[in-house]
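Take a look at the letters that make up each chain.
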Amino acid sequence: MLEYLATVGTLTGIFAIAAAGLNITLGYAGVFSAAQAVFVGIGAYVTALLGPQVGGSLIICAVAAAGCSVAVAMVLALTSLRVSDEYFMVASLAFQIMVSTVFTGWYSVTKGTDGISGIPYPRLLGTELSTPETQSRLIWVVAALVVALTAVLRRGSVGRLFLAIREDPVATQTLGRSPTLGKYVAIVLGAAVSSLGGVLYAFYIGFINSAAFDYSLSIQLTAIVIVGGIGWSLGPVVGSAIVVAAVPLISLLDLPSTTVGPLEQLIYGALIIAAVGVRGYIPSAVVLRERWAARAGGARPWRRAHGPVVKP
Amino acid sequence: MSLEINGVRAAFGGLVALDDVSLTAEPGAVTALIGPNGAGKTTLFNVISGLVPPERGSARLDGTELIGRSARQVARLGVARSFQELRLFGGVSVQEQTMFAAERSVLTRSRESRARATEILDRLGLSAARRSLAADLGYGQQKAVSIARMLAMNGRAWLLDEQAAGLAPREYELFCEVVAEAKDRGLIILLIEHNLRLVKDLADVVVFLDRGRELVTGTAHEVFSNELVRSLYFGERD
Amino acid sequence: MHELVQLAIGGFLLGGLYVLIAIGMSIILNVTGIFHIAHGSTLSLCALTFAALESTHILLAVLVTTGVSLTFTMAGYELLYRPIAKRQPTLFPLFLASFGLWIVGGAALTLIFSAEPVHPRTSLNSTVNFGDLYLLKINLLAFAVAAACYAATRVFLARTMTGSLMRAVACSRDMSDVWGMPRRRAERVAFMIAGLLAVPAGIFAAYVLGAYPTVGDTPLLFAFSAVVLGGLGSIRGAAAAALLFGVVQGVAVWALPATWQDGVVFAVFLLLILVSPRGLGTLGLRRRAEARSA
Ligand SMILES: Nc1ncnc2c1ncn2[C@@H]1O[C@H](COP(=O)(O)OP(=O)(O)OP(=O)(O)O)[C@@H](O)[C@H]1O
Ligand SMILES: [Mg+2]
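Computed from a prediction, not measured in an experiment: that's the story for all the values here.

## Topic: the state of the cysteines
(1) Moving on: For the structure on display, the rule yields zero disulfides over all chains.
(2) Moving on: Its sulfur unpaired, cysteine 61 of chain A is 11 Å from the next cysteine sulfur, which belongs to cysteine 68 of chain A.

In structure tokens, the structure reads:
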């Protein structure tokens, strides 16, 4: 039981890292990419294939994974330079399914649904992290770093560019900045971060197969980002805690095993709808904090005004 | 050094929104664009700022052709514009969007842009609201944010689209002051207004546009006393 | 070569099913601005309902399926999209809501129905021969019905008052408000048409693909891409793209193992969308209308 909880806790960290990448793309820059699982998958496959060669060196695997997913993300981002938002949603979904097909079909490399096992323990600074506890600690340290980095990114000039693009690309242009370039960067950065999640996933589980990285993972990551609060740097952790840790607790109820999966899906879906319907597009936490800050600063009570954003 | 618009024609399908419009906006002067709804005033701004490609014509800023450039390039040449519908970043705080407007690239130091934003927001009486989201502000304050973004851009030419409409008296005064200061600094100022008192007070040159044609150009007094303008705009009949 | 033609024709006929879903989604998108991807659940729902009742009486099954489909679609519009659109009328929240509904729908169906595909029996499950081509009768019938539905939809949009209202709303949603057109009615009818078109699609999906809770997902993804590839605003384009996907999907099996099927279709889609980012359709009503807001 304790072991189960530890595993769930660690998986929460892994998914939080993967979702933090999507939070950059979707949450900050407002680019709806349904292909995030591709990058998690690339991270995992790079680890599974390269890991044994390099004695499980975490750094080498992470760098190689980030490099590969950046290269693939550039291909995806090329389409975003050419098509409008609605198109990109669909294009990214198509991209996801295409790459999933490659994961499944390119048997000689990926071993398809049979999967690759025998991934070594990760090695960091000369020490092998051979127990689940040390790996779990590693994962949470990485998760904390990723959250901190995205928070810094969000507050800096890059973050401002991303938000501007999300809010109004035309106005962004007339302020002399390029929405396309910003989108490009957001997609590539998000991919690099998500691939880290894939690297840690492969090391932690020790086995991967193509089914783990199909579009249902993209859906799950989207659910995490939205439920956690779009564009909030801590959102992926909160969302992951809800989606990966809390919802699967229903399996502790005395349910037939076939209903657990769909029931979880049902709850994700309901959570997404609730997040959109109840809180609006901006996470309530951020809005509340800004309002609180504004009140503390002695601003006039705000009136509701027109604008693209709607408050809870 | 001026903004010269020459023979601009723009159409949406069969609708000719601008028909051979020419005007010159001098630096250190306010040029007001007036005319009934649908006259094509906003469309002219869209043409200048690179959002609507005209069928023909030219717009030069200090001799540099603006037509054919992207909206981003035009902005980087120093043309700052506001939108009739403001187009603020609703979910972004006032301070952050002003900082964003002050930055020319992601490499700009945050400290510099923050200092600049703080100064501008103080000038516009927005410092108390600087952490609010733009969508949470009242209409008058939202208009002030739009001005703050233009100030932050540090452009050479301003295109103001009905920025004074709907302002409270104190906000209106502040707006006039800011425009007067910009004029003193030698900026090229082109503004669209329906408020004729403001046009009378501020404008050095008035251009009257009707159904895409530029009908009368002159001082406020000349234009307002023109027969054609009186009948078309003020609805006076003889 | 002969096999290739056989596969292409098979895919083309299956494409009719995608057409039914694609034009429903296309109409909804044009009139309301909502990417109704929950339409995939509607298709699964129709297939499952029909398969469950088909043994009692076929007419009864069709009627109940129609009722269920309309109820689900209209409930989605009235209870989900409208409340959200009232507060956030932009593309993104509505898309997310639809996305959520799609997941909920699929999960609920999996909870209610068994995951095993149910194949309703039919005497039409035999072949007819044209020269040396073998075609399943049920596939031919499905295609004929799809073609008839497509034609009926086009006539409806072109000839009736409601149809012209919908086209006007599609042209410019903002202006339709200004002119006081009954936009609500246009939207409601758009959802209704999509719900009705899903009925034959679901019934034939049950016969051709078997009825299981996620049967609608692949057609949905194809239709979703077809709507985009056809050019937003073009029903004809969406239908053509859907047929193209059917053919590509059929032909893909010729050269590659079946696992690559979907990948090939989406690779073709990505290539085409890169070549022609505005979609293949020429009408592009909505594009033009959108240029206004720039
Ligand atoms: N993007 C567009 N697509 C089609 N028609 C347009 C577009 N933009 C403007 N128009 C049309 O061009 C004409 C001129 O519009 P414009 O917005 O320039 O008027 P305006 O002088 O700014 O009016 P107002 O005082 O109401 O702001 C109008 O008839 C308008 O409907
Ligand atoms: Mg205007």
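## Examining the coordination of the magnesium ion (ligand 2)
Residues and elements named next belong to chain B.
(1) Moving on: Every protein donor of the magnesium ion (ligand 2) is accounted for by Thr42 (OG1) and Gln84 (OE1), and the metal-donor separations fall at 1.8 to 2.2 Å. Of this pair, threonine 42 sits in helix α1 (residues 41–48) while glutamine 84 sits in the loop between β6 (79–81) and α3 (94–102); the two residues are 42 residues apart in sequence, bridging distant segments of the chain.
(2) Moving on: Judged by relative accessible area, threonine 42 falls into the partly exposed class, the value being 25%.

## What to know about the UniProt feature "transmembrane region" (unreviewed entry) in chain C
Residue and element names in this part refer to chain C.
(1) Moving on: The UniProt record annotates "transmembrane region" (unreviewed entry) at residues 12–38, 58–80, 92–114, 134–157 and 189–212.
(2) Moving on: With 91% helix and 0% strand, residues 92–114 has end C-alpha atoms that lie 33 Å from one another.
(3) Moving on: For the annotated span residues 134–157, helix accounts for 88% and strand for 12% of the residues, and the straight-line distance between the end C-alpha atoms is 36 Å.

## Quick word on the sheet that holds strand β1 (residues 3–12) of chain B
Residues and elements named next belong to chain B.
(1) Moving on: Spatially, the four strands line up as an open sheet ordered β2-β1-β4-β5, and their pairing is antiparallel. Single-partner strands in this sheet number two, and they are β2 (15–25) and β5 (64–65).
(2) Moving on: Of the strand pairs in this sheet, β1 and β2 are connected by seven bridges, and their pairing is antiparallel. Its bridge partner lying in β2, isoleucine 5 is registered against leucine 23.

## A few points about the sheet that holds strand β3 (residues 29–34) of chain B
All names here are of chain B.
(1) Moving on: A sheet is described by the order of its strands in space; here six strands give the open sequence β6-β7-β8-β3-β9-β10, paired in mixed fashion. Each edge of the open sheet is held by one strand with a lone partner, namely β6 and β10 (213–218). Strand-to-strand twist of the sheet, defined as the mean angle between neighbouring strand axes without regard to direction, takes the value 20°.
(2) Moving on: Where strand β9 (residues 205–210) and β10 come together, five bridges link them in antiparallel fashion. Following the sheet pairing, leucine 209 is matched in β10 by glutamate 214.
(3) Moving on: In the packing of α1 onto the sheet, contacts are made with β3, β6, β7 (157–161), β8 (188–192) and β9, and the angle to β8 comes to roughly 145°.
(4) Moving on: Helix α5 (residues 139–153) contacts β6 and β7 of the sheet and is inclined by roughly 170° relative to β7.

## A closer look at helix α5 (residues 137–159) of chain C
Residues and elements named next belong to chain C.
(1) Moving on: Here α5 is 23 residues long and its end C-alpha atoms lie 32 Å apart, about the 33 Å a rise of 1.5 Å per residue gives.
(2) Moving on: Taken residue by residue, α5 has Ile138, Asn139, Ala142, Ala146, Cys149, Tyr150, Thr153 and Leu157 as its buried positions.
(3) Moving on: Buried positions along α5 lie against α1 (2–32), β2 (133–136), α6 (161–171), α8 (183–208) and α10 (235–255).

## Some details on the environment of alanine 91 of chain A
(1) Moving on: As for its placement among the helices and strands, alanine 91 of chain A is situated in helix α4 (residues 85–105).
(2) Moving on: Separated by 12 residues in sequence, alanine 91 of chain A and threonine 79 of chain A have C-alpha atoms that sit 7.5 Å apart.

## Some points on the nonpolar core
(1) Moving on: In this structure, Ile208 of chain A, Trp158 of chain B together with Phe35 and Phe269 of chain C are the most contacted members of the largest nonpolar core, which totals 235 residues.
(2) Moving on: Ranked by size, the runner-up nonpolar core spans 27 residues in total, among them Leu3, Val21, Leu61 and Val207 of chain B.

## Brief notes about the interface of chain C and chain A
(1) Moving on: In this assembly, 45 residues from chain C lie in contact with 43 residues from chain A.
(2) Moving on: For the pair chain C and chain A, the summed buried area comes to about 4,000 Å², and 81% of that belongs to carbon and sulfur atoms.
(3) Moving on: The largest contributions to the chain C side of the interface with chain A come from Arg87, Phe92 and Leu111 of chain C, which together make up 16% of the buried area.
(4) Moving on: Connecting chain C to chain A are zero salt bridges.
(5) Moving on: Here chain C and chain A share two residue pairs in polar contact (both at pLDDT 80 or more) between them.

## Overview of the side chain of serine 2 of chain B
All names here are of chain B.
(1) Moving on: For serine 2, the location among the structural elements is in the segment before β1.
(2) Moving on: You can call serine 2 buried: its relative accessible area is 8%.
(3) Moving on: Only 3.5 Å separates the side chain of serine 2 from the side chain of glutamate 4, close enough to count as a polar contact.
(4) Moving on: Ignoring sequence-local partners within four residues, the contact set of serine 2 consists of Thr24, Ala25, Glu26, Pro27, Arg60, Leu61, Asp62 and Ile188.

Rules and cut-offs
Residues numbered from 1 in each chain as written. Chains lettered and ligands numbered in written order. Predicted model: local features only at pLDDT ≥ 70, side-chain atom pairs only at ≥ 80, totals over all residues. Heavy atoms only, no water. Disulfide = S-S within 2.5 Å. Donors = N, O, S within 2.8 Å, 3.2 Å for Na, K, Ca; no water. Helix = DSSP H or I, 4+ residues; strand = E, 2+ residues; numbered from the N terminus. Buried < 20%, exposed > 50% of the residue type's maximum accessible area, 1.4 Å probe, protein only. UniProt positions renumbered as here; feature names shortened; annotations may be inferred. Pairing = 2+ DSSP bridges. Axes fitted to C-alpha atoms, helices over the stretch in contact; angles between N-to-C directions. Contact = heavy atoms within 4.5 Å. Expected span 1.5 Å × (residues − 1). Core = buried A, V, L, I, M, F, W, Y, C linked by side-chain atoms within 4.5 Å. Buried area = accessible area lost by both parts, 1.4 Å probe. Salt bridge = Lys/Arg side-chain N within 4 Å of Asp/Glu carboxyl O. Polar contact = N/O pair within 3.5 Å; in protein donor to acceptor, adjacent residues only side chain to side chain.

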